[in-house]
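Descriptive analysis of the structure
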Amino acid sequence: MKIRSAIAVVLALAPAAWSGDLAVDGACAGPPRVTAPAAFDQATTELKWDEDTFRSSAAWYTGAGAWVGNDFSTATLKTSHVKILKFRMYSRGDWPNNVWDGFRVGLFDFAGNVPGSRLWPTAGGGYFFRPSGPSGHAWVECNVNWICPAVKFVAAQEQYYDWPNCDPWSVDANDTFREHSWNYYAGVWSPLNRALIEIGPFYNLKLRVTVETGHTIPAVEPASLGRVKALYN
């Protein structure tokens, strides 16, 4: 049964820039502190922009092609490249329809400080992941285990299904936008706070990645002269 505590809000942006509606669960009064998942070990690092608090969860009425994500940089980790071990998102299994439906996960390039082409997965529209087990508010996570060739990247979630048969994304209770959360709709990436300015504060996504440092991208060995000749014989 659909929970009717949602607040339906029409987003008003630039002409033709947005045609989606948003459903929002009831915000907490004095949002509780939410404990983050423990890191795997000392060799791993969890990248995040939320402050371990929770304000609300939200879902688009039209979910296909609607992404939200955080940009991250590994420049301060003093490593050539990182292996992205896990994607983590704070969601809930009891709203809006009391079941986990699943969503797509993707990693995007962030060259020029704007989300760009998809880096992972290299084929298809994104990795489909359906959580299981926990109900209510919960961190859900899926394995990635992929060495990222870029220092800057965006970890993102596509809702995939339309409301109410979908899994929501969440934002923290920090009223300061840290300028690292994004949304994608109608082929355009824009800062999350701009898209939701009419109904804010909706700022920092509770979306994280766990990475492992100390990785390098295998070099591509040049073809030998004999091999080059063989290709043209």
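The rules we used
Residues numbered from 1 in each chain as written. Predicted model: local features only at pLDDT ≥ 70, side-chain atom pairs only at ≥ 80, totals over all residues. Heavy atoms only, no water. Helix = DSSP H or I, 4+ residues; strand = E, 2+ residues; numbered from the N terminus. Buried < 20%, exposed > 50% of the residue type's maximum accessible area, 1.4 Å probe, protein only. Contact = heavy atoms within 4.5 Å. Salt bridge = Lys/Arg side-chain N within 4 Å of Asp/Glu carboxyl O. Pairing = 2+ DSSP bridges. Axes fitted to C-alpha atoms, helices over the stretch in contact; angles between N-to-C directions. Phe/Tyr/Trp six-rings, centres within 6.5 Å; stacked < 30°, edge-to-face > 60°. Polar contact = N/O pair within 3.5 Å; in protein donor to acceptor, adjacent residues only side chain to side chain.

Observations regarding the overall build of the chain
For the chain, the helix and strand inventory stands at 2 helices and 15 strands. The buried share of the chain, taken over its 233 residues, is 47%. Of the contacts made within the chain by residues no fewer than 6 positions apart, 82% connect residues no fewer than 24 positions apart.

Structural notes on the pattern of salt bridges
For the structure shown, the criterion picks out 11 salt bridges. Two residues, Lys206 and Asp50, come together in a salt bridge whose shortest N-O distance is 3.3 Å. Taken as a pair, Lys206 in the loop between helix H1 (192-195) and strand E15 (207-215) and Asp50 in the loop between strand E3 (44-47) and strand E4 (56-60) lie far apart in primary sequence, 156 residues in all. Here the two residues Lys206 and Asp50 agree in accessibility, since each one is buried. A salt bridge links Arg208 to Asp52; the shortest N-O distance between them is 2.5 Å. Of this pair, Arg208 sits in strand E15 while Asp52 sits in the loop between E3 and E4, and the two are 156 residues apart along the sequence. Take Arg208 and Asp52: they sit in the same class, and that class is buried.

Observations regarding the sheet that holds strand E6 (residues 81-92)
Ordered by their spatial adjacency, 4 strands build an open sheet running E3-E15-E6-E10, and the pairing between neighbours is antiparallel. Either end of the sheet is taken by a strand with one partner, and the two such strands are E3 and strand E10 (137-147). Strand-to-strand, the axes of this sheet are offset by a mean angle of 20 degrees, without reference to chain direction. Pairing geometry for E6 and E10, over 9 bridges, is antiparallel. The partner of Phe87 across the bridge, within E10, is Cys142.

Regarding unusual backbone geometry
Cis peptide bonds are those with omega within 30 degrees of zero, and the linkage from Trp95 to Pro96 qualifies with 5 degrees. Pro164 follows Trp163 through a cis peptide bond whose omega is 10 degrees. Summarising the element assignment, Pro164 is placed in the loop between strand E11 (152-158) and strand E12 (169-171). One non-glycine residue, Tyr160, lies in the positive phi region at around 75 degrees. As for its position among the elements, Tyr160 is in the loop between E11 and E12. Owing to a relative accessible area of 29%, Tyr160 belongs among the partly exposed residues under this scheme. Of note, Ala186 is a non-glycine position whose phi angle comes to about 55 degrees, a positive value. Counting through the fold element by element, Ala186 comes out in the loop between strand E13 (181-185) and strand E14 (188-191).

A closer look at the packing of aromatic side chains
Two numbers describe a pair of aromatic rings. These are the distance of the centres and the angle of the planes. Scanning the entire structure with this criterion turns up 14 aromatic pairs. Arranged with centres 6.0 Å apart and planes meeting at 45 degrees, the rings of Phe72 and Phe153 form a pair that is tilted. In this pair, Phe72 sits in strand E5 (residues 67-73) while Phe153 sits in strand E11, placing the two residues 81 residues apart along the sequence. Phe153 shares its class with Phe72; the two are buried. Each ring, one from Trp120 and one from Tyr127, has its centre 5.9 Å from the other, and the planes form 45 degrees; the classification is tilted. Trp120 sits in the buried class, given a relative accessible area of 12%. Chaining the aromatic ring pairs together yields one cluster made of Trp67, Phe108, Tyr184 and Trp189.

Comments concerning the side chain of Ser170
Relative to the helices and strands, Ser170 is located in strand E12. At 2.9 Å, the side chain of Ser170 and the backbone oxygen of Tyr90 are in polar contact.

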